[in-house]
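Listed below are the residues making up each chain.
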There are 2 protein chains.
Amino acid sequence: MALRYALLGLLTERPASGYDLAKAFEGDLGRYAWQAGHNRIYPELARLVDEGLIERAEEGARGRRVHTITAAGFAELRAWLLQPLVSGAVRNEGVLRLFLLSALDPDDARKLLHEIVTHAEQELARLKDTVSGETPVSPEGRLDFGWLAAGYGLRQYEASRDWAVWALGEFDKAERRQAGRHPAA
Amino acid sequence: MALRYALLGLLTERPASGYDLAKAFEGDLGRYAWQAGHNRIYPELARLVDEGLIERAEEGARGRRVHTITAAGFAELRAWLLQPLVSGAVRNEGVLRLFLLSALDPDDARKLLHEIVTHAEQELARLKDTVSGETPVSPEGRLDFGWLAAGYGLRQYEASRDWAVWALGEFDKAERRQAGRHPAA
DNA sequence: TCTGGATAGGTCCGTATTGACATATCCAAG
DNA sequence: CTTGGATATGTCAATACGGACCTATCCAGA
């Protein structure tokens, strides 16, 4: 159900072809929020057309077909966005790995935590550029999806990094406690 | 593919029945990392047994069958956890809504952002209790999954709240810029 | 004793999703 | 003028998943 809203949302920014939309999912949208390939997008676009939530223009060059959101489509999107906050589907392989970290022995776990910190720092550098560099408004004066997403990603990675640093400290503490309980032979 | 690792990971903490595992997904694990109902869990456990990654004990009361991770299962889990960081499947309806926020007109968007801030504050209060209250180590001296997860959730919600506050500010700025461009009639 | 809630296991069906395959056009660089 | 890469759209089969449904046991409290 979420894919259709992602598509409707993207189409409020500008009319787009399935190909354009597939590319949009390759950015921060796909990294933090929802993923979809063209194979999933084309059938869903067809359904949205059937339901009158979007309109499809005639074929352009290379069979390109541009889609535009309708008033009905916008109403549907708005209803979904404003419905009471429920934590719906959540699926994040990266975070799952973080959670399962304590299954490893301390050396492995620490190695992984250090990697997380390094990785987060890299992403932070990239995102800082995006957030500070890009013009924040669309021609009509609306904030840009990608820019908001980058701002979110930035804070997300800061949180991840801080968590990893905290977890490293906790691993150290736990180990010291164990050492105290079983003094060196 | 991730479900199996989640199950293997949970079984490194302690042997568990399918029912126990289903409950584990109702906590912070399911909220931030990966969701699964018992309808997905039972078939996957059967597959893991077939592949020799876990072992299933005889039936106890109410047909309860306790599963234990094998050495092979642990090796599989470890390999997955230590494999180079790739951003795998990500799916988060809540974050998607945040990203699509700028599709709304400023008043609606602001309303939603305020809700996000309120909601985040509530969750923060709950998580602060968990993180500060619970004993951080298992009997064998290993850090508790749930506790690490709560620590992550805490930082996550802080990031969400900060983002929403930042976004609110940006909406204000954008609106003031628009007002400047089209002075009040 | 009986009843409701928690424990415990499971199936089935429709939809969502992914990976692989397939095709055609446009265009710039060699 | 040809070739490779980007643009563009699709299908199909296999798997993953979620919601709904079903059964049965244990036990505490009314």
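See the structure printed just above.
Reading the values: rules and limits
- Residues numbered from 1 in each chain as written.
- Chains lettered and ligands numbered in written order.
- Predicted model: local features only at pLDDT ≥ 70, side-chain atom pairs only at ≥ 80, totals over all residues.
- Heavy atoms only, no water.
- Helix = DSSP H or I, 4+ residues; strand = E, 2+ residues; numbered from the N terminus.
- Rg over C-alpha atoms; globule rule 2.2 N^0.38 Å.
- Buried < 20%, exposed > 50% of the residue type's maximum accessible area, 1.4 Å probe, protein only.
- Areas by Shrake-Rupley, 256 points an atom, 1.4 Å probe, with all protein chains shown as cover.
- Contact = heavy atoms within 4.5 Å.
- Buried area = accessible area lost by both parts, 1.4 Å probe.
- Salt bridge = Lys/Arg side-chain N within 4 Å of Asp/Glu carboxyl O.
- Polar contact = N/O pair within 3.5 Å; in protein donor to acceptor, adjacent residues only side chain to side chain.
- Nonpolar A, V, L, I, M, F, W, Y, C, P; charged D, E, K, R; others polar.
- Near = heavy atom within 4 Å.
- 1 Å grid on protein atoms, 1.4 Å probe; cavity = no way out; pocket = protein on both sides within 12 Å on 5 of 7 lines; lining within 4 Å.
- Points joined across faces, edges and corners; volume = space filled by probe spheres on them.
- Expected span 1.5 Å × (residues − 1).
- Least-squares fit on C-alpha atoms with pLDDT ≥ 70 in both.
- Core = buried A, V, L, I, M, F, W, Y, C linked by side-chain atoms within 4.5 Å.
- Pairing = 2+ DSSP bridges.

### Here we look at the overall build of chain A
And step 1. A count of helices and strands for chain A gives eight helices and three strands.
And step 2. Start at the N end of chain A and walk to the C end: the helices and strands fall as α-α-α-α-β-β-α-β-α-α-α.
And step 3. Taken over the C-alpha trace, chain A has a radius of gyration of 22 Å; the compact-globule value for 185 residues is 16 Å, which it surpasses by more than 25%.
And step 4. When each of the 185 residues of chain A is scored for burial, the buried share is 50%.
And step 5. If you sum the accessible surface of chain A, you get close to 8,900 Å²; carbon and sulfur atoms cover 53% of it.

### Thoughts on the interface of chain B and chain A
Buried accessible area, meaning the area lost when the parts come together, often serves as the stated size of an interface.
And step 1. On the side of chain A, 71 residues touch chain B, which itself brings 71 residues to the contact.
And step 2. Between chain B and chain A, roughly 7,300 Å² of surface is buried when both sides are summed, and carbon and sulfur atoms account for 65% of that area.
And step 3. For the chain B face of the interface with chain A, the top three residues by lost area are Arg91, Arg97 and Phe99 of chain B, together amounting to 12%.
And step 4. Counting the contacts that link chain B with chain A gives two salt bridges.
And step 5. With a closest N to O distance of 2.5 Å, Asp108 of chain A and Arg78 of chain B form a salt bridge.
And step 6. There are 21 residue pairs in polar contact (both at pLDDT 80 or more) connecting chain B and chain A.
And step 7. Mapped onto the side of chain B that touches chain A, the elements with two or more residues apiece are helix H1 (2-13), helix H3 (28-33), helix H5 (71-82), strand S3 (90-92), helix H6 (93-100), helix H7 (106-133) and helix H8 (145-181) of chain B.
And step 8. With 20 residues, the top contributor of residues to the side of chain B that touches chain A is H8 of chain B.
And step 9. A per-class count over the side of chain B that touches chain A returns 41 nonpolar, 14 polar and 16 charged.

### Here's the deal with the protein's contact with DNA strand D
And step 1. Taken together, 18 residues are adjacent to DNA strand D, and Tyr19, His38, Tyr42 and Arg65 of chain A together with Asn39 of chain B come closest.
And step 2. Per the 4 Å cut-off to the protein, sugar and phosphate atoms form 64% of the nearby atoms of DNA strand D.
And step 3. One nitrogen or oxygen atom from the main chain of Tyr19 of chain A is found 2.7 Å from a phosphate oxygen belonging to DNA strand D.
And step 4. One of the side-chain nitrogen or oxygen atoms of Asn39 of chain B is found 2.8 Å away from a base nitrogen of DNA strand D.
And step 5. The set of elements that each furnish at least two residues to the surface near DNA strand D consists of helix H2 (18-24) and helix H4 (38-50) of chain A together with helix H4 (38-50) of chain B.
And step 6. Class assignment for the residues of the surface near DNA strand D results in four nonpolar, six polar and eight charged.

### Some thoughts on empty space enclosed by the protein
Residues and elements named next belong to chain B.
And step 1. Applying the stated rule across the entire model yields one cavity of 30 Å³ or more.
And step 2. Together, 20 residues line the largest cavity, and Asn92, Gly94, Val95, His119 and Tyr157 are the ones closest to its centre.
And step 3. Elements that contribute at least two residues to the lining of the largest cavity include exactly H3, H6, H7 and H8.

### As for the protein's contact with DNA strand C
And step 1. Looking at DNA strand C, there are 19 residues lining it, with Asn39 of chain A together with Tyr19, His38, Tyr42 and Arg65 of chain B nearest.
And step 2. Put simply, 65% of the atoms of DNA strand C that lie within 4 Å of the protein are in sugar or phosphate.
And step 3. Between DNA strand C and Tyr19 of chain B, the relevant distance is 2.7 Å, taken from a phosphate oxygen to a main-chain nitrogen or oxygen of the residue.
And step 4. A distance of 2.6 Å is found between a base oxygen of DNA strand C and a side-chain nitrogen or oxygen belonging to His38 of chain B.
And step 5. Where the surface near DNA strand C is concerned, the elements lending two or more residues are H4 of chain A together with helix H2 (18-24) and H4 of chain B.
And step 6. Considering each element in turn, the surface near DNA strand C owes the most residues, four residues, to H2 of chain B.

### Looking at H6 of chain B
Residue and element names in this part refer to chain B.
And step 1. Across the eight residues that make up H6, a large majority, seven, are buried.
And step 2. Of the residues making up H6, those classed as buried are Glu93, Val95, Leu96, Arg97, Leu98, Phe99 and Leu100.
And step 3. At the N-terminal end of H6, a side-chain oxygen is found 3.0 Å from the backbone nitrogen of Gly94, two or three residues along, and the residue is Asn92.

### Concerning helix H8 (residues 145-181) of chain A
And step 1. Look at H8 of chain A: 53 Å from first C-alpha to last across 37 residues, which is about the 54 Å you get at 1.5 Å a residue.
And step 2. Capping the start of H8 of chain A is the job of one residue whose side-chain oxygen sits 3.0 Å from the backbone nitrogen of Gly146 of chain A: Asp144 of chain A.

### Some thoughts on the relation of the copies chain B and chain A
And step 1. For the pair chain B and chain A, the superposition axis carries a translation of 0.0 Å, the fit reaches an RMSD of 0.1 Å, and the rotation angle comes to 180°. In short, the pair behaves as if placed about a two-fold rotation axis. For chain B, the minimum C-alpha distance to the rotation axis belongs to Arg91 of chain B and amounts to 2.4 Å.
And step 2. The residues that chain B uses at the interface reappear at the interface of chain A in 99% of cases, marking a shared surface.

### Side note on the nonpolar core
And step 1. The biggest cluster of nonpolar side chains holds 60 residues, and the ones touching the most others in it are Phe25 of chain A together with Leu96, Phe99, Leu113 and Trp163 of chain B.
And step 2. Discounting chain neighbours no more than four positions away, the residues touching Phe25 of chain A are Leu3, Ala6, Leu7, Leu10, Gly30, Trp34, Gln35, Ala36 and Ile41 of chain A.
And step 3. Membership of the second largest hydrophobic core comes to 59 residues, among which are Val95 and Trp166 of chain A together with Ile41 and Ala120 of chain B.

### Quick look at the environment of Ser138 of chain A
And step 1. Counting through the fold element by element, Ser138 of chain A comes out in the loop between helix H7 (106-133) and H8.
And step 2. For the pair formed by Ser138 of chain A and Arg14 of chain A, sequence separation is 124 residues and the distance between their alpha carbons is 10.0 Å.

### Structural notes on the pairing of strand S2 (residues 65-69) of chain B
All names here are of chain B.
And step 1. By the bridge criterion, four bridges tie strand S1 (residues 54-59) to S2 in an arrangement that is antiparallel. Bridge pairing in S2 places Ile54 opposite Ile69.
And step 2. In textbook terms, the turn of a hairpin is the stretch between consecutive antiparallel strands, and for S1 and S2 this stretch comprises five residues, one of which, Arg62, has a positive phi near 55°.

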